[in-house]
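Survey of secondary and tertiary structure
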Amino acid sequence: MTMKPLSIFKKAIFGASIVSTVTMAAEIPSHVIKAYQEGLAGSQAQNQLAINALKELNEQTPSPITLAMLGSAETTQARYTNQPWQKMKFAELGISKLNKAVKQVNKAPYPQQARVYITAGCTFSQVPKMMNRAEHGDHLLKQVIAERSEFEKLNNQLKKMTYRCAAMAADKLEDQPRAKSLLEKSETLAQLLKSEKE
């Protein structure tokens with residue numbers, strides 16, 4: 001049974017969490033990040049522009065962060081087609097790149113590893129349950145959160161979205177108590193961010 005608060009955020013959270021992750025990726029031009037964000041938010045044309053630009057960037061100067069964003073954008077592309085075989089093709093292509101990026105940062109410093117793990121974890125928490133990625137996404141997000149001293153150094157927006165994606169993964173894994181706890185942590189940070197703006 002899916003928790004109502006999580007289903008409300010399903011589309012918005014995915015884009016927002018990845019957006020927060022990539023804003024720290026200085027090697028990616030702002031216009032590419034903007035296209036990526038708009039693609040996650042629902043623009044098929046911008047998503048395709050992001051895919052093209054990220055492919056080119058990754059060919060010129062390969063980076064696990066760029067590869068993770070490319071994988072996320074390709075996985076998102078599945079949302080924009082009605083043909084089941086095309087949905088599967090895009091999702092599998094993107095997931096493959098995300099898995100490769102995760103392997104590349106296995107021994108990397110925490111900030112780089114966290115960016116890739118959060119991008120992959122949030123993407124995996126969004127794909128349909130039948131693709132069996134929620135557990136992997138949950139594992140990656142748990143790893144990011146488990147490094148308490150390093151996790152606390154991340155900006156509050158990124159921590160909020162990490163908790164929210166982890167809540168969605170826990171919900172897909174039918175661990176409602178943990179999903180609720182993680183969602184509450186995300187909401188606490190959301191309130192803090194709101195008060196900081198006022």
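Scroll up a little and you will see the structure.
Throughout, a residue's number is its position along its own chain's written sequence, starting from 1. This being a predicted model, a pLDDT of at least 70 is required before a residue's local features are given, and a value of 80 or more before pairs of side-chain atoms are given or counted; all residues contribute to the totals for chains, interfaces and linings. Working from all heavy atoms in the structure, the side-chain values ignore hydrogens and water.

1. So, helix 7 (residues 134–146)
In DSSP terms, a helix is any run of H or I states spanning at least four residues, a strand is any run of E spanning at least two, and both are numbered starting from the N terminus. Any helix carries an expected span of 1.5 Å times its number of residues minus one. Its 13 residues give helix 7 an end-to-end C-alpha distance of 18 Å, which sits within 8% of 18 Å, the value for a rise of 1.5 Å per residue. For helix 7, every residue scored as buried is listed here: Ala134, Gly137, Asp138, Leu140, Leu141, Val144 and Ile145. What you see down the axis of helix 7 is that its buried residues fit within an arc of 165°, all on one side. Facing away from the buried side of helix 7 by more than 90 degrees, the exposed set consists of Glu135 and Ala146. For helix 7, the elements touching its buried residues are helix 5 (84–104), helix 6 (110–126), helix 8 (148–151), helix 9 (156–172) and helix 10 (176–197). For the exposure calls, accessible area comes from a 1.4 Å probe over protein chains only, and a residue counts as buried if that area is under 20% of its type's maximum, exposed if over 50%, partly exposed in between. Arc definition: directions from the helix axis to the C-beta atoms. Contact between two residues is taken to exist if any of their heavy atoms lie within 4.5 Å; hydrogens are not considered.

2. What to know about the packing of aromatic side chains
Between the rings of Phe, Tyr and Trp (Trp by its six-membered ring), a pair exists once the centres lie within 6.5 Å; its type follows the angle of the planes, with under 30 degrees stacked, over 60 edge-to-face, and the other angles tilted. Tallied over the full model, the rule gives one aromatic pair. Ring geometry for phenylalanine 151 versus tyrosine 163: centroids 5.4 Å apart, planes at 80°, classification edge-to-face. Taken together, the positions of phenylalanine 151 in helix 8 and tyrosine 163 in helix 9 put the pair 12 residues apart, joining distant regions of the chain. For a ring to carry a charge above it, either NZ of a lysine or CZ of an arginine must fall within 6 Å of the ring centroid while also lying within 35 degrees of the normal to the ring plane. For lysine 89, the ring lying beneath its charged end belongs to phenylalanine 90, and the centroid distance is 5.2 Å.

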